[in-house]
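Structural overview for review
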Amino acid sequence: MVKKILCIDSDMVAVQMCVNGLRKLEPEILTDFCESLDEGQKLFNENYYGLIIIDLSILSKDILEFIEEIRRGNFYGDIIFTGNYKDPSTLRKIELLKEIEVLLKPFDIEWFISRIEKYFSDNISIGNRIDSIGPCFFLRLLNLGSCTITCKISKDDKVGMIFFENGQIISAKSWMNSGELALVDLLELSDARIDIIGDKKSVSRKINMDFNSLISIVSSQTPKGCVDRVAGGGTNNFGFIEFIVDEMNKTGKVDGEMIVNSAILKMGLSTFSFPSASEIDLIEHISGDIKDKSKLLKFKKNMMSYLRDREVGKIRKGG
């Protein structure tokens, strides 16, 4: 691994702190510091790096092309995103950009230096592996920036487009679907190329859901393991997945409350004792066994609608 770091940060107080610390690692580990995205891109194109540090203060739609350059370039290390915990805009970015880990400033510089040494000597991850930064990160940043823009996602002969208007996804097209199902296709592509097209494309609206609900439904969720903990570690088919699919085939819809309650009873629990957060994990577990994408999307939409209705008091949780 190349023992060289690129640090891009406009907060000169924090940068000076890093300078004072990281200079102690020279000449074994070298660091380039810069204050702007343009300078960072120039340095990246002229050098090889094993670690990149980017502050959230410069994280906007303008940095998307640079992140994609990093993903497609000769870089195989970690990206550390940093941010000042006192900055409201940083906190909002952390809240919305759920796919990334953020190192909050101020942090102990001696601890930071020791972590960097371990990263370069033992390859112990200190931030976000570059291959973990995928399409959802780009989509969330476009939403955060209220962008009206087109996002092209492609891999080999599979190409699709996601259309944004004021930060909301209004349409999507893949090589075989349109609308929400196209979005499912595109987010399932691993190691896809992502291009941001500045021109607004004239498309008809096919998607009417708000961004956060839409992404919650179509994107892969990180397993939190609540089902395993509540059910005593079991991850087998609980016996009601076939019922769900069969019910959807018959009626075209699924009663959310019925499914949640039936599932919990199958596990020998009461609805009162089953944590609400675990229900989301339960939905994800069931979803993993529904291979038909149209049925999967229908099921998730219904379940999300049910949980939202219950959250605002339209449905009372049983005891």
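Structural notes, computed from the coordinates. Since this is a predicted model, take the numbers as computed values, not measurements. (Residues numbered from 1 in each chain as written. Predicted model: local features only at pLDDT ≥ 70, side-chain atom pairs only at ≥ 80, totals over all residues. Heavy atoms only, no water.)

Ile54, Ile79, Phe81, Phe137, Leu139, Ile162 and Ile169 are the most contacted members of the largest nonpolar core, which has 55 residues in total. The leading source of residues in this core is helix 6 (residues 135-144), at six residues. When sequence neighbours within four positions are dropped, the list of residues in contact with Ile162 reads Leu139, Ile149, Thr150, Cys151, Ile153, Ile169, Ser171, Ala172, Leu183 and Leu186. Grouped together as the second largest cluster of nonpolar side chains are 21 residues, Ile29, Ile53, Phe112 and Ile116 included. (Core = buried A, V, L, I, M, F, W, Y, C linked by side-chain atoms within 4.5 Å. Buried < 20%, exposed > 50% of the residue type's maximum accessible area, 1.4 Å probe, protein only. Helix = DSSP H or I, 4+ residues; strand = E, 2+ residues; numbered from the N terminus. Contact = heavy atoms within 4.5 Å.)

Take the packing of helix 6 against helix 8 (residues 211-218) next. Orientation of helix 6 relative to helix 8, taken along the N-to-C sense of each, is 170°, at an axis distance of 11 Å. The angle between helix 6 and helix 8 falls in the class roughly antiparallel. Judged by residue contacts, Cys136, Leu139, Arg140 and Asn143 of helix 6 engage Phe211, Asn212 and Ile215 from helix 8. Class assignment for the residues of the contact of helix 6 with helix 8 results in four nonpolar, two polar and one charged. (Axes fitted to C-alpha atoms, helices over the stretch in contact; angles between N-to-C directions. Parallel < 35°, antiparallel > 145°, perpendicular 65-115°, else oblique. Nonpolar A, V, L, I, M, F, W, Y, C, P; charged D, E, K, R; others polar.)

Attention shifts here to the pairing of strand 2 (residues 30-34). The buried count for strand 2 comes to four of five residues, which makes it a mostly enclosed element. In this structure, strand 1 (residues 4-8) lies alongside strand 2, joined through five bridges in parallel fashion. When the sheet's bridge partners are listed, Lys4 is paired in strand 2 with Leu30. Assessed by its sense of winding, the connection that carries the chain from strand 1 through helix 1 (residues 12-22) to strand 2 is right-handed. (Pairing = 2+ DSSP bridges. Right-handed = clockwise from strand over helix to strand, strands pointing away.)

Attention now moves to unusual backbone geometry. Leaving glycine out, the prevailing phi sign among residues is negative, and the prevailing peptide bond configuration is trans. A cis geometry characterises the amide bond from Glu26 onward to Pro27, with omega recorded as 5°. Residue placement: Pro27 occurs in the loop between helix 1 and strand 2. Although it is not a glycine, Ser146 adopts a positive phi angle of roughly 50°. Within the secondary structure, Ser146 is located in the loop between helix 6 and strand 7 (150-155). Assessed through its relative accessible area of 46%, Ser146 is described here as partly exposed.

With that settled, the discussion passes to the sheet that holds strand 7. Taking strand neighbours across the sheet as the criterion, the four strands line up as 9-8-7-10 in an open arrangement whose pairing is antiparallel. The outermost strands of the open sheet, each flanked by one partner alone, are strand 9 (168-173) and strand 10 (193-197). Geometrically, the sheet is characterised by an average inter-axis angle of 20° between neighbouring strands, direction not taken into account. Judged from the five bridges that link them, strand 7 and strand 10 form a sheet pairing that is antiparallel. Bridge pairing in strand 10 links Thr150 to Ile197.

It is possible for side chains bearing opposite charge to pair when their charged atoms get close. The full count for this structure, using the stated rule, is 10 salt bridges. Close ionic contact of Lys24 with Glu110 constitutes a salt bridge, the shortest N to O distance being 3.1 Å. One end of the pair, Lys24, is in the loop between helix 1 and strand 2; the other, Glu110, is in helix 5 (residues 109-122), with 86 residues separating them in the sequence. Its relative accessible area of 55% is what places Lys24 among the exposed residues. (Salt bridge = Lys/Arg side-chain N within 4 Å of Asp/Glu carboxyl O.)

What follows deals with the packing of aromatic side chains. Tallied over the entire structure, the rule returns five aromatic pairs. Relative to Phe66, the ring of Phe44 lies with its centre 5.8 Å away and its plane at 85°, an arrangement referred to as edge-to-face. Of the two residues, Phe44 sits in helix 2 (residues 37-46) while Phe66 sits in helix 3 (residues 64-72), which places them 22 residues apart along the sequence. The pair Phe44 / Phe66 is uniform in exposure class, with both members buried. Note on Phe81 and Phe137: the rings are 5.9 Å apart at their centroids and 35° apart in plane angle, and the pair reads as tilted. (Phe/Tyr/Trp six-rings, centres within 6.5 Å; stacked < 30°, edge-to-face > 60°.)

Of note, Arg71 is situated in helix 3. Apart from the residues lying within four places of it in its own chain, the contact partners of Arg71 are Ile130, Ile133, Gly134, Phe138, Asp191, Ala192 and Ile194.

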